[in-house]
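Here is how the chains run, residue by residue.
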Amino acid sequence: MEERRRVGYCVHREVLDEGKVDQLAEKSDVRVPFSEKIRESLRCSVPRLKSCMLSSVPVLSWLPRYSLRDNAIGDLISGISVGIMHLPQGMAYALLAAVPPVFGLYSSFYPILIYFIFGSSKHISVGTYAVMSVMIGGVTERLAPDSNFMMYVNATNQSMVDVLARDTERVKVAAAVTFLSGLFQMLLGLVQFGFVVTYLSEPLVRGYTTGAAIHVIVSQLKYTFGISPKRHSGPFALIFTVIEVCYLVPETNIGTLVVSLVSIIGLIMVKELNTYLGKKLPVPIPVELLGIIIATVISWQVNLEGKYGVEVVGEIPSGLQPPVMPTASLFGQVIGDAFALSVVGYGIAISLGRIFALKYGYKVDSNQELIALGLSNSIGGVFQCFAISCSMSRTMVQESTGGKTQVASALSAMVILVIMLWIGALFEELPKAVLAAIIYVNLHGMMKQFMDIPTLWKSNKVDMLVWVATLILTVLFNPDIGLAASIAFSMLTVIFRTQLPKYSLLGQVPETDIYRPVEDYNQVNEIPGVVIFRSSATLYFANAEMYQDALAEKSGIDITKLISQKKKAEAKRLRKEKKEARKAKKDAKKNAQEWEGEPDSSENEVEKGVATVEEGSKPVSTLPRAIILELSPVNFLDTVGVKTLRNIQRDYGAIGVEVVLCGCQTCVIENLESGGFFSEKVSKACLFSSIHDAVLHCQTDRATINKDDEEMQATHF
């Protein structure tokens with residue numbers, strides 16, 4: 001292929017400051033009043049009402065155009081496959097939420113139907129999610145601990161936990177926090193607050209989910225070893241739990257441990273087989289479903305609970321629960337947890353939704369997703385579900401098995417409905433250790449995220465620091481407190497980076513109007529007598545002082561010392577003038593008659609003094625002629641930033657160094673105008689659109705333009 005020919009061009013025009021640019025381009029001063037914007041937003045019409053309805057209830061826009069020929073078979077196979085996954089995962093994640101397993105099935109039914117109607121993503125599979133479940137479990141066990149439900153049994157002279165009363169209370173707590181988190185999500189969606197997810201960067205989310213996965217693993221150790229450690233809450237709870245588990249390991253139930261190990265090994269082997277035969281199998285082997293069926297049959301035949309003390313799921317009632325309004329008295333105790341759940345659940349769902357939307361070429365509405373998840377959680381809370389989000393494993397299965405729309409999710413909900421109505425009671429003998437094994441194996445993807453650390457170390461060390469700090473904060477604290485601390489730490493890294501920017505002096509690439517940092521390029525020359533200064537960050541109150549210090553350091557001008565010297569010289573000159581004036585006045589009184597017809601020597605003396613002042617006001621020969629502040633990285637200026645630029649122009653101007661600005665964005669110019677930067681002495685003539693215009697202006701002598709300057713105005717490339 002023939003190499004593209006480089007095209008040269010020549011520019012010949014006068015130097016333009018911002019004032020001349022405004023005149024040449026005829027800057028518009030039209031501003032739409034805020035009241036008019038409000039009236040326009042409230043104005044209603046039939047097309048606008050229809051658009052609002054379709055965007056608020058997305059199913060109305062895509063379901064009438066649903067193609068049975070193209071989508072039905074794929075959605076049917078995908079729906080059945082994902083529905084089968086919902087069964088073991090729903091029951092397993094219910095253990096994480098510290099509620100009876102059947103409530104995990106409820107959480108895999110009601111919220112999915114709501115999301116089918118209001119969700120804007122075609123591919124994600126919402127439902128129970130490990131991180132959300134463990135956060136719910138922390139709340140339920142904190143507000144309804146075993147110690148509150150101890151009862152004395154006369155027959156055995158021992159205290160036992162009233163499991164029925166405890167589970168009933170925990171379901172109320174889970175429903176209350178889920179309902180409240182849904183309200184938070186709907187409120188954020190209604191006020192168009194979907195951009196909140198931008199504060200959850202990818203390193204933060206991945207570090208957080210890895211830390212939450214460690215919490216999940218630790219919470220399931222009691223089911224793996226068949227022990228009963230005490231519930232710890234607050235900071236370092238995970239550390240205390242691990243220590244107690246280690247202390248109780250000698251009391252391990254051997255039968256439970258054997259069931260756990262066999263289940264984990266079997267699940268891993270079949271999953272690896274799925275991976276190996278992935279391209280040959282039309283549908284992945286439903287390893288979790290096979291696992292719980294085989295484990296249930298063996299437990300029933302061998303009587304694992306009676307003979308070996310292996311804890312089983314227990315009673316699973318058939319049918320659906322009637323709607324019950326959550327207990328409002330619990331809202332005050334769970335409000336912080338509810339907000340954390342709403343942010344985490346939304347962040348995970350929208351992240352996955354955007355990935356698949358980009359892959360398949362459609363758009364996911366971030367605010368509509370908030371409303372959809374909020375309705376799913378709030379209505380789910382009324383039906384005693386716990387908070388849901390999007391599962392990566394189920395979403396991958398839904399996509400890989402041919403699912404193209406949310407009809408696949410609705411069909412998976414129908415599978416769960418059939419299980420709850422007729423099949424659920426068959427799994428009452430299922431060992432809880434098998435559910436814990438399913439959780440462990442499903443978390444292997446999150447644990448692989450530790451490989452992010454070396455990758456981020458090579459690409460961006462600050463992101464790696466955010467990842468590691470998020471992991472540590474989440475592990476040491478509860479997931480809700482860890483999330484808040486992680487977001488705060490991530491924000492601090494941004495602030496530190498704006499407070500510690502890179503300051504550079506720019507030079508000209510020979511025979512071009514391109515300017516680059518002098519320290520980064522060998523063939524870049526500084527402009528004689530002109531300092532071009534740039535900061536890599538915006539200018540605001542947090543780094544304003546460092547900006548001035550860096551300018552003084554880079555330019556080599558000790559502005560404080562020079563101003564001090566000037567003030568001393570000015571004071572000395574004034575004292576000398578006053579002294580000479582007093583002496584002249586005194587001599588004039590004595591010799592008034594003699595000097596009547598002669599020239600006034602006192603005037604000559606004053607004139608000499610004035611001449612000395614003029615000579616002294618000239619800039620020092622080592623000082624640059626001008627300083628150009630390149631402000632293209634600056635996207636806003638606060639009052640401190642405007643004041644800083646005003647002080648720089650005043651102070652350097654006082655020692656004879658002209659200061660001009662270039663590369664200002666429109667919003668920055670507006671900030672300068674509103675901040676009082678311009679005055680009778682300072683106009684837009686000190687602002688330039690490009691560095692080259694500013695350089696030409698600074699190299700132009702006020703009286704004449706020498707030959708070299710004329711050549712610079714017609715630059716050839």
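Worth saying up front: this structure is predicted, and the values here are computed from it rather than measured.

A. Quick peek at the overall build of the protein. Tallying secondary structure elements over the protein gives 31 helices and 12 strands in all. In summary, the protein has a C-alpha radius of gyration of 37 Å against a globular reference of 27 Å for 717 residues, an excess of more than 25%. Overall, the C-alpha framework of the protein stretches about 135 × 65 × 55 Å when taken along its three principal axes. Here the contacts in the protein between residues at least 6 apart in sequence split such that 81% fall between residues at least 24 apart. Only carbon and sulfur atoms are counted for the fraction: they give 61% of the accessible area of the protein, which is about 38100 Å². If the 67 positive side-chain charges of the protein are averaged to one point and the 69 negative ones to another, these points end up 1 Å apart.

B. Main features of the packing of helix α14 (residues 287–302) against helix α20 (residues 432–442). Relative to each other, α14 and α20 sit at 160°, their axes nearing to 10 Å. Comparing their axes, α20 and α14 come out roughly antiparallel. Crossing of α14 against α20: the hand is right-handed. Across the interface between the two elements, E288, G291, I292 and A295 from α14 touch V434, L435, I438 and N442 from α20. Taken together, the residues of the contact of α14 with α20 sort by class into 5 nonpolar, 2 polar and 1 charged.

C. Seen up close, the domain arrangement of the protein. By the assigned domains, the protein splits into domain 1 (73–313 + 322–450 + 464–496) and domain 2 (503–559 + 622–712). Relative placement of domain 1 and domain 2: their C-alpha centres are 56 Å apart.

D. Layout of the state of the cysteines. One pass over the structure, following the stated rule, counts 0 disulfides. C385 forms no disulfide, and the closest cysteine sulfur to it belongs to C390, at a distance of 17 Å. Given the relative accessible area of 1%, C385 is considered buried. Accessibility expressed as a relative area gives 0% for C390, which makes it buried.

E. Expanded view of the sheet that holds strand β10 (residues 658–662). On the basis of which strands lie adjacent, the open sheet formed by 6 strands has the order β7-β6-β8-β9-β10-β11 and mixed pairing. Two strands in the sheet have a free side with no partner beyond their single neighbour: β7 (515–517) and β11 (687–688). Where helix α28 (residues 639–654) meets the sheet, it contacts β9 (626–630) and β10, and its direction lies at approximately 150° from that of β10.

F. Just the nonpolar core, in detail. Counting 113 residues, the largest nonpolar core has M91, I292 and L435 as its most contacted members. Among the elements that make up this core, the one with the highest residue count is helix α16 (residues 331–360) (14 residues). Leave out the neighbours within four places in its chain, and I292 touches L87, P88, F427, L430, V434, L435 and I438. Grouped together as the second largest cluster of nonpolar side chains are 52 residues, I532, A550, L562 and I655 included.

Parameters at a glance
- Residues numbered from 1 in each chain as written.
- Predicted model: local features only at pLDDT ≥ 70, side-chain atom pairs only at ≥ 80, totals over all residues.
- Heavy atoms only, no water.
- Helix = DSSP H or I, 4+ residues; strand = E, 2+ residues; numbered from the N terminus.
- Rg over C-alpha atoms; globule rule 2.2 N^0.38 Å.
- Contact = heavy atoms within 4.5 Å.
- Areas by Shrake-Rupley, 256 points an atom, 1.4 Å probe, with all protein chains shown as cover.
- Lys, Arg positive; Asp, Glu negative; His and termini not counted.
- Charge placed at Lys NZ, Arg CZ, Asp CG, Glu CD.
- Axes fitted to C-alpha atoms, helices over the stretch in contact; angles between N-to-C directions.
- Parallel < 35°, antiparallel > 145°, perpendicular 65-115°, else oblique.
- Left-handed = near helix turned anticlockwise from the far one by under 90°.
- Nonpolar A, V, L, I, M, F, W, Y, C, P; charged D, E, K, R; others polar.
- Domains from an automatic or database assignment.
- Disulfide = S-S within 2.5 Å.
- Buried < 20%, exposed > 50% of the residue type's maximum accessible area, 1.4 Å probe, protein only.
- Pairing = 2+ DSSP bridges.
- Core = buried A, V, L, I, M, F, W, Y, C linked by side-chain atoms within 4.5 Å.

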